[in-house]
Structures are given as C-alpha cells and as structure tokens.
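Each chain, letter by letter, is given below.
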Amino acid sequence: MPSFDKPTDQQEATRDVQGADSRAATEAALFEAFGGVRGMVETTVPGLVFVAIYTVKRDIHIAAIAALGLSLLLGIARLVRKDTLKHAFSGVFGVAFGAVFAMMSGDAKNFYLPGMLYTLGLAVGYIVSALAGYPLMGLILGPVFKENLSWRTRNPGRKLAYTKASWAWGLILLAKSAVLFPLYWWGDVTQLGWVKVALGIPPMLLSVYLTWIFLSKAPPPIDVFAEMEAAERAEREREAEATAR
C-alpha cells in the first residue's frame, strides 16, 4: 500500500529535476546580470595595466591612456561578439572617468577614486534597500527572471532570498571599501593599485556565489510575462466565443 506521507520516487525525481532547472536558470541569470567571469576580468585588467605601467614609468598620462585603450579594445571585442551593450560600455566609461580624473588632478591615486566611490555607494544602496524592504538585488534580477516585482507581494520566499543576497553584497562591498579608502588616504598609488587589483574578482565571486546559494534554495520565480500572455489569450478566446454566439 503506498504511503501518502512520504514522496514517491517519481515525485522525488521530479523535484530533483525542477531543482536542477532552477539552479541552472539562476546561474544563467546571474551571468547575464553581472557579465560572468569575463566581465569581472574586464573590470580588473585595466586597473592592473595602469598600476603596472605607472610603477615602471611613473607617468600618469601614459598609464591612464594605456588602461583606457585596453578598456576600449575589450569593449569593441564585446560589440564584435554581439554581447550585451551594458557590459561593453560600463567598463569603458568607468576607466575613462578614472583616467580623466587622474590626469586632470595630477594624482595617480585618483584613477581609482571614482570606482571606489561607486563601490561604496553600491554597498550603501544594497544595505539601505534591504532595510527598506526593496532589496536592490531583487530590482536588478527581477526583470531578468521575468518576475519584475511580483516577489515583493506574491513570493515571500524569493523576497527573503533577495534580501539576504542584498545584505551579502552590501557587507562584502563595505568590507572592500574599508580596506581601500585607508590606502587611498595614507598609502601610495602602487600599494592602492595592487591591493585594488587583488580585491577585484574575489569579493564579486563570493557575492555572486552567495546570491546563487540563496536563490537556488528559494521558490521559483513567478513569470508575470507568461501570466499576461495567458490572460490575453483567455480574453481573446472569450471574445471569439461571444462573437460565435
């Protein structure tokens, strides 16, 4: 006699498949949203080029132009491969802003200041949004998962996951800022540059990994686009039936 309390092998297999699909969808969404490992590398390498050339040449202009040129080449490569434009241009604009700021101020450390301020602002944004009940990670990933803001009122499990993920990003980026800003104030450009390069990829990988863990254990997203399409089809069917009568 089958037990109604314990899941059958078929039910367990179905849940395993659904769980695997959910984890795969989460991984794909994270790579789309954050540009994957390649995107992380592209945001780190120009800074590495800048500090390496400046360490040898001690010339802000040469180092800044080299970093900007490399960033442009990486952006063009993404365009040639028809990758998402936001990933192609975000790194270029960030490096360009830092390069111009460093050359105009005459202080090589200012090459890194715009990115540091952005990181600090992002950390505060993640934390404040989590406290306010609108976790920034949900606002970023909601459209990617085609759920928009349905997680806020209709899917509390996903709201909790987005809140945890936002806290993780906020605290990790805050810790990164706590390391970099003292070096900006009291260290030299070589120290700041090499430490910033070292802290480029690992914190982001940790943040993405934790986000993947939280979301892979959360309920699946509600596809609001599919719901709207289904509602439109049902409405057309009702209109067709009414016309036939």
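Here goes a summary of the coordinates provided. Predicted model, so just to flag it, every value in this text is computed and none were measured.

Before going further, it helps to spend a moment on the pattern of salt bridges. Throughout the structure, instances matching the rule amount to one salt bridge. With its nearest N and O atoms 3.0 Å apart, the salt bridge here joins arginine 158 to glutamate 147. Linking arginine 158 in helix α8 (residues 156-186) with glutamate 147 in the loop between α6 (136-141) and α7 (150-153), this pair joins segments that are eleven residues apart in sequence. Judged by relative accessible area, glutamate 147 falls into the buried class, the value being 0%.

Counting residues in hydrophobic clusters, the biggest one holds 22 residues, and the most contacted among them are Phe50, Phe111, Tyr112, Met116 and Leu192. Of all the secondary structure elements, the ones that give two or more residues to this core are α2 (36-57), α3 (60-80), α4 (85-105), α5 (113-132), α8 and α9 (189-198). Residues contacting tyrosine 112, with those up to four places away along its chain left out, are Gly47, Phe50, Val51, Val189, Leu192, Gly193 and Lys196. Counting 16 residues, the second largest nonpolar core, distinct from the first, contains Met137, Phe145, Tyr162 and Leu173.

It is worth spelling out unusual backbone geometry at this point. Despite not being glycine, arginine 58 shows a phi value in the positive range, around 55°. Position of arginine 58 relative to the elements: it lies in the loop between α2 and α3. A positive phi angle is found at lysine 146, which is not glycine, with a value near 60°. Inspection of the secondary structure puts lysine 146 in the loop between α6 and α7.

At a minimum axis separation of 9 Å, α8 and helix α10 (residues 202-216) run at an interaxial angle of 165°. Compared by their axis directions, α8 and α10 come out roughly antiparallel. In this structure, α8 crosses over α10, and the sense of that crossing is right-handed. In contact with Arg158, Ala161, Tyr162, Lys164, Ala165, Ala168, Trp169, Ile172 and Lys176 of α8, α10 contributes Pro203, Met204, Leu206, Ser207, Val208, Leu210, Thr211, Phe214 and Leu215.

Here a ring pair, both rings aromatic, is described through the centre-centre distance and the interplanar angle of the planes. Under the criterion given, the structure shown has nine aromatic pairs. Between phenylalanine 50 and phenylalanine 111, the ring centres sit 4.0 Å apart and the planes meet at 5°, which makes this aromatic pair stacked. Remark: phenylalanine 111 occurs in the loop between α4 and α5 and phenylalanine 50 occurs in helix α2; sequence separation between them is 61 residues. For the pair shown, phenylalanine 50 and phenylalanine 111 are each scored as buried. Taken together, the ring pairs in this structure connect Phe50, Tyr54, Phe111 and Tyr112 into an aromatic cluster. Geometry around tyrosine 184 places lysine 109 over its ring, the cationic atom sitting 5.5 Å from the centre. A cation sits over an aromatic face here: arginine 152 above tyrosine 134, 3.7 Å from the ring centre.

Let us now look at the side chain of serine 207. Locating serine 207 in the fold gives a position in helix α10. On the basis of relative accessibility, which here comes to 1%, the residue serine 207 falls in the buried class. Of note is the side chain of serine 207, whose polar atom sits 2.9 Å from the backbone oxygen of proline 203. In this structure serine 207 touches Trp169 and Ile172, once residues within four positions along its chain are discounted.

The subject of this paragraph is a nonpolar patch on the surface. The grouping of Leu131, Trp167, Leu171 and Leu174 at the surface amounts to a nonpolar patch, some 370 Å² of accessible area in total. Considering every element that reaches the nonpolar patch, the biggest residue donor is α8, with three residues.

With that settled, the discussion passes to the side chain of asparagine 155. Mapped onto the elements of the fold, asparagine 155 is located in the loop between α7 and α8. Here proline 220 takes part through its backbone oxygen, which lies 3.0 Å from a polar atom of the side chain of asparagine 155. For asparagine 155, the contacting residues outside a window of four places in its chain are Ser150, Pro219, Pro220, Pro221 and Ile222.

Before going further, it helps to spend a moment on the packing of α5 against α8. Orientation of α5 relative to α8, taken along the N-to-C sense of each, is 150°, at an axis distance of 8 Å. Here α5 runs over α8; the crossing is left-handed.

Rules and cut-offs
Residues numbered from 1 in each chain as written. Predicted model: local features only at pLDDT ≥ 70, side-chain atom pairs only at ≥ 80, totals over all residues. Heavy atoms only, no water. Salt bridge = Lys/Arg side-chain N within 4 Å of Asp/Glu carboxyl O. Helix = DSSP H or I, 4+ residues; strand = E, 2+ residues; numbered from the N terminus. Buried < 20%, exposed > 50% of the residue type's maximum accessible area, 1.4 Å probe, protein only. Core = buried A, V, L, I, M, F, W, Y, C linked by side-chain atoms within 4.5 Å. Contact = heavy atoms within 4.5 Å. Axes fitted to C-alpha atoms, helices over the stretch in contact; angles between N-to-C directions. Parallel < 35°, antiparallel > 145°, perpendicular 65-115°, else oblique. Left-handed = near helix turned anticlockwise from the far one by under 90°. Phe/Tyr/Trp six-rings, centres within 6.5 Å; stacked < 30°, edge-to-face > 60°. Lys NZ or Arg CZ within 6 Å of the ring centre and 35° of its normal. Polar contact = N/O pair within 3.5 Å; in protein donor to acceptor, adjacent residues only side chain to side chain. Patch = residues over 30% accessible without salt bridge, like charges linked within 9 Å, V, L, I, M, F, W, Y side chains within 5 Å. Areas by Shrake-Rupley, 256 points an atom, 1.4 Å probe, with all protein chains shown as cover.

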